[in-house]
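Spelled out, the chains give:
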Amino acid sequence: MERKGHKHKESFSILLISNTGKEGREFHISQLALRLLICMFVLICVVALSMSFIVFGFYPAGAGQQNLSKQLETQEQLVAQLETEKENLNDEILALQEENEALKQAFENNDDETKKESESDPDSTIPRRYPSSGVSAVLASYSEEQPYLSINTHTEGNIVATGNGTVTTVTSDETYPIIIEVEHDKGYKSRYMCHQNAEVQATEGAQVEAGDTLFTITIDDTQLDYQITFEENPIDPLTVIEAKG
């Protein structure tokens with residue numbers, strides 16, 4: 001009979017020798033295992049080279065930094081644009097504030113001129129002011145039978161001149177303890193006739209302005225009869241007060 005030959009598997013030995021004098025170690029590895037290790041090493045190297053090519057191919061050195069620089073430059077341009085818009089808005093706000101201030105000043109000047117015109121109104125010589133500065137009530141209106149206005153007054157008020165003029169009379173009679181007459185321009189006269197005693201503040205010949213005190217009320221429910229004449233003829237005081245007051 002023919003003998004069959006036995007194939008011996010080829011293997012490799014790896015001897016590891018320590019440089020410290022310790023006992024070395026020997027490892028045995030088959031040819032197939034060695035080939036597998038070599039193939040895996042080659043495959044790993046190929047994969048690593050491929051990844052390096054991809055990374056450096058699509059993202060060359062400095063690309064990330066250039067991208068960041070571009071983004072930074074864009075942001076700086078946006079900031080500069082916003083700063084310019086802010087300055088423009090500030091300029092518009094200042095312009096509006098100046099315009100508002102000018103309008104306010106013009107309004108105040110116009111109001112001052114109106115007040116001056118009112119204060120220098122030549123009609124202030126007409127007895128157009130109400131004769132009592134305090135709380136009062138009309139007791140009787142003007143009529144042909146009673147050519148004056150009757151007013152009830154109280155102690156917290158004064159009887160005042162109803163227009164600019166000259167005090168021509170300070171007197172009394174059986175009906176009125178106090179009678180004061182003021183002559184105004186343009187033919188007007190005003191007469192203040194008090195039924196009760198009061199503190200007289202005016203003197204004959206004195207120049208008075210509208211609102212000046214003629215006498216002070218000292219008794220509650222003091223009755224004042226107030227009369228206006230125009231060219232020596234009595235007229236209803238309320239027509240003058242309503243038209244001019």
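Definitions and cut-offs
Residues numbered from 1 in each chain as written. Predicted model: local features only at pLDDT ≥ 70, side-chain atom pairs only at ≥ 80, totals over all residues. Heavy atoms only, no water. Helix = DSSP H or I, 4+ residues; strand = E, 2+ residues; numbered from the N terminus. Buried < 20%, exposed > 50% of the residue type's maximum accessible area, 1.4 Å probe, protein only. Contact = heavy atoms within 4.5 Å. Patch = residues over 30% accessible without salt bridge, like charges linked within 9 Å, V, L, I, M, F, W, Y side chains within 5 Å. Areas by Shrake-Rupley, 256 points an atom, 1.4 Å probe, with all protein chains shown as cover. Salt bridge = Lys/Arg side-chain N within 4 Å of Asp/Glu carboxyl O. Lys, Arg positive; Asp, Glu negative; His and termini not counted. Charge placed at Lys NZ, Arg CZ, Asp CG, Glu CD. pLDDT = per-residue confidence, 0-100. Polar contact = N/O pair within 3.5 Å; in protein donor to acceptor, adjacent residues only side chain to side chain. Pairing = 2+ DSSP bridges. Axes fitted to C-alpha atoms, helices over the stretch in contact; angles between N-to-C directions. Phe/Tyr/Trp six-rings, centres within 6.5 Å; stacked < 30°, edge-to-face > 60°.

## Here we look at the overall build of the protein
Then step 1. A count of helical and extended segments in the protein gives 3 helices and 13 strands.
Then step 2. Relative to its 245 residues, the protein shows a buried fraction of 21%.
Then step 3. Long-range contacts, defined here as pairs at least 24 residues apart, represent 56% of the contacts in the protein between residues at least 6 apart.

## Brief notes about a negative patch on the surface
Then step 1. There is a patch of like negative charges on the surface, built from Glu83, Glu87, Asp91 and Glu92.
Then step 2. With respect to the element layout, glutamate 87 can be found in helix H2 (residues 63-119).

## What about unusual backbone geometry?
Then step 1. With a phi angle near 65°, lysine 186 is a residue other than glycine that sits in the positive phi range.
Then step 2. Phi is positive for glutamate 232, which is not a glycine, with a value near 70°.
Then step 3. Tracing the backbone through its elements, the reader meets glutamate 232 in the loop between strand E12 (222-230) and strand E13 (233-235).
Then step 4. Using a relative accessible area of 57% as the deciding quantity, one classes glutamate 232 as exposed.

## A look at the confidence of the model for the protein
Close inspection of predicted coordinates is inappropriate for parts of the model with low pLDDT.
Then step 1. In this model, the protein carries an average pLDDT of 81, and 75% of its residues clear a pLDDT of 70 or more.
Then step 2. Taken element by element, the predicted model of the protein shows its lowest mean pLDDT in strand E1 (residues 11-16) (62) and its highest in strand E7 (residues 178-183) (97).

## Concerning the side chain of serine 132
Then step 1. Structurally, serine 132 can be placed in the loop between H2 and strand E3 (136-140).
Then step 2. Reaching out from serine 132, the side chain makes a polar contact with the backbone nitrogen of glycine 134 at a distance of 3.4 Å.
Then step 3. Setting aside residues no more than four positions away along its own chain, serine 132 makes contact with Thr153, Asn158 and Ile159.

## What about the environment of arginine 129?
Then step 1. Structurally, arginine 129 is set in the loop between H2 and E3.
Then step 2. Overall, arginine 129 belongs to the partly exposed group, its relative accessible area being 42%.
Then step 3. Separated by 33 residues in the primary sequence, arginine 129 and threonine 162 place their C-alpha atoms 4.3 Å from one another.

## Considering the sheet that holds strand E11 (residues 213-217)
Whether parallel or antiparallel, the strands of a sheet pair through hydrogen bonds between backbone atoms.
Then step 1. With antiparallel pairing, 3 strands are arranged side by side in an open sheet as E5-E11-E9. Every interior strand has two partners, whereas the edge strands, strand E5 (158-160) and strand E9 (198-200), have only one. Mean inter-strand twist for the sheet, computed between neighbouring axes without regard to direction, equals 20°.
Then step 2. As paired strands, E9 and E11 are joined by 3 bridges and run antiparallel to one another. Its bridge partner being in E11, valine 200 is matched across the sheet by phenylalanine 215.

## Quick notes on the pattern of salt bridges
Then step 1. A complete count under the given rule lists 2 salt bridges for this structure.
Then step 2. Among the salt bridges present, the one from arginine 191 reaches glutamate 181, with a minimum N-O distance of 2.5 Å. A residue pair is termed long-range when its members are at least 10 positions apart, and arginine 191 in strand E8 (residues 188-194) and glutamate 181 in strand E7 qualify at 10 residues.
Then step 3. One salt bridge in this structure joins glutamate 232 and lysine 189, with 3.2 Å as the shortest N-O distance. Here glutamate 232 is found in the loop between E12 and E13, whereas its partner lysine 189 is found in strand E8, with 43 residues between them in sequence.

## As for the packing of aromatic side chains
Then step 1. One pass over the full model with this rule turns up 2 aromatic pairs.
Then step 2. Judged by centre distance (4.7 Å) and plane angle (45°), the rings of tyrosine 188 and phenylalanine 230 are tilted. Of this pair, tyrosine 188 sits in strand E8 while phenylalanine 230 sits in strand E12; the two residues are 42 residues apart in sequence, bridging distant segments of the chain.
Then step 3. Under the relative-accessibility criterion, phenylalanine 230 is labelled partly exposed at 29%.

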